[in-house]
Amino acid sequence: MADAKPGDVTKVVVGGQKQGKKDKKSKSAVDDPSAGPLEMNPPPEFIKSRLELFDRLKKKYDEDIAKKPREQITITLPDGSVKVGKSWETTPGDIAKGVSNSLYKRSIVARLDGDKLWDLDRPLEQSCKLELLTFDDQQGKEVFWHSSAHILGEACERRFGCSLCIGPPIDDGFYYEMALPGGAAVQQTDWAPLERIVTDIVKDRQRFERLELSKQDLLDMFSYNKYKQHIISTKIPDGTSTTVYRNGPLIDLCRGPHVPDTGRIEAFSIMKNSASYFLGSQDNDSLQRIYGVSFPDKKKMAEHKKFLEEAAKRDHRKLGREQELFMFHDLSPGSAFFLPHGTRIYNTLLAYIRDQYHKRDYQEVITPNIFNSELWKISGHWEYYKDDMFVINTEKEKWGLKPMNCPAHFLMFAHSPKVYSQLPLRYADFGVLHRNEASGALSGLTRVRRFQQDDSHIFCRLDQVTGEISDLFDFLSEMYGLLGFTFKLQLSTRPEKFMGQIETWDRAESMLKEALNGFAAGPGGVSWTLNEGDGAFYGPKIDIKILDCLNREWQCATIQLDFMGPENFGLEYITAEVATAKPKQDEPTTDAVGVKTKEVQPTDTAPIDPDTGDAEPKKGRVIRPLSPGCARPVIIHRAMAGSIERFMGILIEHFAGKWPFWLSPRQVIVIPVGMGFVPYAQEVKTILKKERIFVDIDTTGNTLPKKVRSAQLAQYNFIFVVGDEEMRGRQVNVRYRDDTSTQDRGKPVPLDEAVEKLKALLADRGTYNPFPSAKQEDKKAA
């Protein structure tokens, strides 16, 4: 049942009153898992009745399929070759085996006609284009982990006799959510027994069988499970049907597809367990959630566990605590307290972005934190986003802390008349934003309630879009290159439900493609992929994912075109050719492309969030007619870092706490070899501080080796050791953190020279060593 996701169903207390909170020492599902039985014997009664109903309905289904006419079909492979088969008989697996058995074993799932996933052993129904996806394909991996979740679900039913809820694949594996009898809790000591049951399931090579059932049959099949009953009742319309999948004794509500059999899951591991709420709402029952990961071979599992070990060392919550960068407090959950050293990094990031803004002609603005609800009703956020906002009632009116900056920027643009020659106009804002994230979703700096963004909205003419996008690519390359990130680009185009005219969309998408192709063909360019139909409701977008040093993907930057915001707020600019006559009231207005447009009034969709790309239009929108001689601007929503808090968390893990000099909160520490040299060390500190270098001095009574070691553990970029020779010659002895050849005492460097080199390193935002060791200099001379 991997497809049902929390949040899809309205909040409801399932089964009456919410379960009371358990004592912290909640009893285990099995009092002594290591000594008790591996699984329930006899098995839960519902398994037998569920199987009987499945077998009866499956027999009838198979009889119906047997009556389908077998007709010749053609299957076109990616290389252009064509295979001939029979409808309702030939499977993608047959085609794979016809090429080689190894291809069939590597294949996870089939993809038909570019978009529809299909079980390998499910007969094809008509001619199609066929692709075979492996674990290396993202969709293949998701199906593999989806099937693994079903295996975990079977193991949990067999061990606990639990009521399964949902079990989706996630970014790093999968989980299954369940309610154990008596409200018991899963214990870590349950992991090994569950993994033993999983091993048996894999050895049994249980086939995944698909069966389509009516809503009533589904309600009968899952009559024992109130959670499945709720999902079926609320998610499946009356008179319709959906599918279940069976493997062994497990039958689960699921759209599929799945791997052919459980034998494909050669490496399986439970990673953690936790408590959760049904459908993600704390108003509902408390459940148990077990997380796992799996791979088609043991080598990949070993590589994954090694990766997890390295990721754990880099965890920003751990390093943030060790380096005293930030803290959290229960009195303001989800809001980071940046300590002095963390604030140094935060402000340095903002200073760099501001330098880029100055270079690229952005205008920084400051906007209010709280707005009357009327603003959010105009923008379309209020009806569908207010539950995620902090709402305040004052003077008999509702107000909201802003969760995004765009509506405020729209008000600014509309404040005074604009002329075509003033465009593009680039507003940038570091305003504080608040989003009412669920407490269970909060996670360090990467998921917070209070944050700032390097948020910008570019108001431009449609003919300026390509140039603006090209500049944003240059911005991306410069910023991410400096920080050591690579990135991927994906163009998401017009969805089925969209706002505006097709001609406008086509031209906008063409411009984005032109900009993407130009960037890809240039020096240092990045290729891009097409994601058809996944654009925002109000315009196409470019999704950017950065890859850190562990090759993990992070969504930070975004570039989105917006045609709806200008209409919602009546934004316009005076064109080069001012109209001489006002258009008649019943005539359609003309947009910036010169295409006649009519107001679009969607009736069954919700409003959009331009910052997130959740494109849903507002019901009953009122579009103000354009003034004579005016046109609508196009708005580009863009962010490079996104949330600064989240970006800092990513940077902490990317650098593993070893900050480059220009970004480091601990750049230099001066260590006197004895108390008699403290005055000179203090003088060195004063000189460096005047140059706005973060410098400390170690005046403790520790030995010199211990002082040096402490400085190394604190990740100071440079250690300046001063003693008698250095004081007499106004010199410093330099150790550079990232160069092991400089860790021993070397030739002292004149203080003035050291200061100038650090100033140059800071100005360059460089990552080189300006103080090469004598050995390195000797090599260069040779």
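Position labels on residues start from 1 in each chain and follow its written sequence. A pLDDT threshold of at least 70 governs which residues receive local features in this predicted model, and a stricter bar of 80 or more applies before side-chain atom pairs are shown or counted, although totals over entire chains, interfaces and linings include all residues. Derived side-chain values reflect all non-hydrogen atoms in the structure, with water molecules and hydrogen atoms excluded from consideration.

Draft legend 1. Main features of the side chain of histidine 637. Assignment of secondary structure puts histidine 637 in strand β31 (residues 634-643). To sort residues, take the accessible area from a 1.4 Å probe on protein chains only and compare it with the maximum for the residue type: under 20% means buried, over 50% means exposed, and anything in between is partly exposed. Judged by relative accessible area, which is 1%, histidine 637 ranks as buried. Among the polar contacts listed, one links the side chain of histidine 637 to the side chain of histidine 457, at a separation of 3.1 Å. Secondary structure follows DSSP: runs of H or I at least 4 residues long count as helices, runs of E at least 2 residues long count as strands, and numbering of each begins at the N terminus. Here a polar contact is recorded for every N or O atom pair within 3.5 Å, except that within protein the pair must consist of a potential hydrogen donor and a potential acceptor, and residues adjacent in sequence are included only if both atoms are side-chain atoms.

Draft legend 2. Structural context of the sheet that holds strand β18 (residues 391-394). Following DSSP output, two strands are said to pair if at least two bridges run between them. Read from one edge to the other, the open sheet built from 3 strands follows the order β17-β19-β18, with strand pairing classed as antiparallel. Looking at which strands have only one partner, the edges of the open sheet turn out to be β17 (370-372) and β18. Along the sheet, successive strands turn relative to each other by an average axial angle of 35 degrees, direction set aside. The pairing of β18 with strand β19 (residues 397-401) spans 4 bridges and is antiparallel. Here the axes come from fitting lines to C-alpha atoms, over the contacting stretch only for helices, and the angles between their N-to-C directions go from 0 to 180 degrees.

Draft legend 3. Geometry of the confidence of the model for the protein. Put simply, the protein has an average pLDDT of 88, and 88% of its residues get 70 or more. When pLDDT is averaged over each helix and strand of the protein, the minimum, 37, is found for strand β29 (residues 596-597) and the maximum, 98, for strand β32 (residues 668-672). How sure the predictor is of each residue is captured by pLDDT, a score from 0 to 100. What makes two residues a contact is simply this: any of their non-hydrogen atoms within 4.5 Å. Predicted confidence is poor over residues 19-31, with pLDDT under 50, and the contacts of this stretch with residues over four places away or in other chains come to 24 contacts. Every residue in residues 579-619 scores below 50 in pLDDT, and together they form 106 contacts with partners more than four places removed in sequence or on other chains.

Draft legend 4. Main features of the packing of helix α14 (residues 465-483) against helix α17 (residues 644-655). Orientation of α14 relative to α17, taken along the N-to-C sense of each, is 45 degrees, at an axis distance of 11 Å. Classified by the angle between their axes, α14 and α17 sit oblique to one another. Residue-level inspection shows Met479, Tyr480 and Leu483 of α14 in contact with α17, the latter providing Phe647, Leu651, His654 and Phe655. Classification used: nonpolar for Ala, Val, Leu, Ile, Met, Phe, Trp, Tyr, Cys and Pro, charged for Asp, Glu, Lys and Arg, polar for all others including Gly. Residue composition of the contact of α14 with α17, by class: 6 nonpolar, 1 polar and no charged. By the definition adopted for this analysis, an angle is roughly parallel if under 35 degrees, roughly antiparallel if over 145, roughly perpendicular if from 65 to 115, and oblique otherwise.

Draft legend 5. Seen up close, the nonpolar core. Nonpolar cores are built from buried Ala, Val, Leu, Ile, Met, Phe, Trp, Tyr and Cys residues. Side-chain atoms within 4.5 Å join them into one set. In terms of nonpolar packing, the biggest core is built from 61 residues, with Ile469, Phe473, Met479, Tyr480, Ile542 and Phe647 touching the most fellow members. Here this core gets 9 residues from one element, more than from any other, and that element is α14. Contacts of isoleucine 542, omitting those with residues within four sequence positions, involve Ile469, Phe473, Leu489, Gln490, Leu491, Leu512, Leu516, Thr558 and Ile559. Counting residues in hydrophobic clusters, the runner-up holds 40 residues, among them Leu133, Cys162, Leu164 and Val202.

Draft legend 6. Structural view of the packing of aromatic side chains. Put simply, two rings from Phe, Tyr or Trp (the six-membered ring, in Trp's case) pair if the centres are within 6.5 Å, and we call them stacked under 30 degrees between planes, edge-to-face over 60, tilted for the rest. All chains considered together, the criterion is met by 34 aromatic pairs. On the numbers, 6.0 Å between centres and 80 degrees between planes, the contact of phenylalanine 135 with tryptophan 145 is edge-to-face. Of the two residues, phenylalanine 135 is situated in the loop between β5 (128-133) and α4 (138-160) and tryptophan 145 in helix α4; the sequence distance between them amounts to 10 residues. Overall, phenylalanine 135 belongs to the buried group, its relative accessible area being 7%. Owing to a relative accessible area of 5%, tryptophan 145 belongs among the buried residues under this scheme. Here phenylalanine 222 and tyrosine 224 contribute two aromatic rings whose centre-to-centre distance is 6.3 Å and whose plane-to-plane angle is 45 degrees, an arrangement assigned as tilted. Judged by its relative accessible area of 0%, phenylalanine 222 is buried. With relative accessibility at 25%, the residue tyrosine 224 sits in the partly exposed group. An aromatic cluster is present here, built from Phe473, Tyr480, Phe485, Phe487, Phe519 and Phe647 joined pairwise through their rings. Sitting over a ring, as applied to charges here, requires NZ of Lys or CZ of Arg to be within 6 Å of the ring centre and within 35 degrees of the ring normal. For arginine 122, the ring lying beneath its charged end belongs to tryptophan 118, and the centroid distance is 3.6 Å.

Draft legend 7. A look at unusual backbone geometry. Of the consecutive residues asparagine 41 and proline 42, the connecting peptide bond is found in the cis state with omega at 5 degrees. Counting through the fold element by element, proline 42 comes out in the segment before α1 (45-66). One non-glycine residue, tryptophan 88, lies in positive phi territory at about 60 degrees. Within the secondary structure, tryptophan 88 is located in the loop between β2 (82-86) and α2 (92-99). What makes tryptophan 88 buried here is its relative accessible area of 18%. A positive phi is found at arginine 730, a non-glycine position, where the angle reads about 50 degrees. Looking at the secondary structure, you find arginine 730 in the loop between α20 (724-729) and β35 (731-736).

Draft legend 8. Highlighting the sheet that holds strand β9 (residues 209-214). The strand order across the open sheet built from 3 strands is β9-β10-β11, with neighbouring strands paired in antiparallel fashion. Since the sheet does not close on itself, it has two edges, and those belong to β9 and β11 (250-253), each with one partner. The sheet shows a mean angle of 30 degrees between the axes of neighbouring strands, direction not considered. As paired elements, strand β10 (residues 241-247) and β11 share 4 bridges and run antiparallel to each other. Looking at the pairing, valine 244 lines up with leucine 253 of β11. On top of the sheet, α1 reaches β9, β10 and β11; it is set at about 90 degrees to β9, its chief contact.

Draft legend 9. Examining the packing of helix α10 (residues 340-359) against α17 more closely. Their axes nearest at 11 Å, the elements α10 and α17 cross at an angle of 110 degrees. For the element pair α10 / α17, the angle class is roughly perpendicular. Taken as a pair, α10 and α17 cross one another with a handedness that is right-handed. Listed contacts from α17 to Gly342, Ile345, Tyr346, Leu349, Leu350 and Ile353 of α10 are Ile644, Glu645, Phe647, Met648 and Leu651. Residue composition of the contact of α10 with α17, grouped by class: 9 nonpolar, 1 polar and 1 charged. By the definition used in this description, the sense in which the near helix is turned from the far one sets the handedness, with an anticlockwise turn below a right angle giving left-handed and a clockwise turn giving right-handed.

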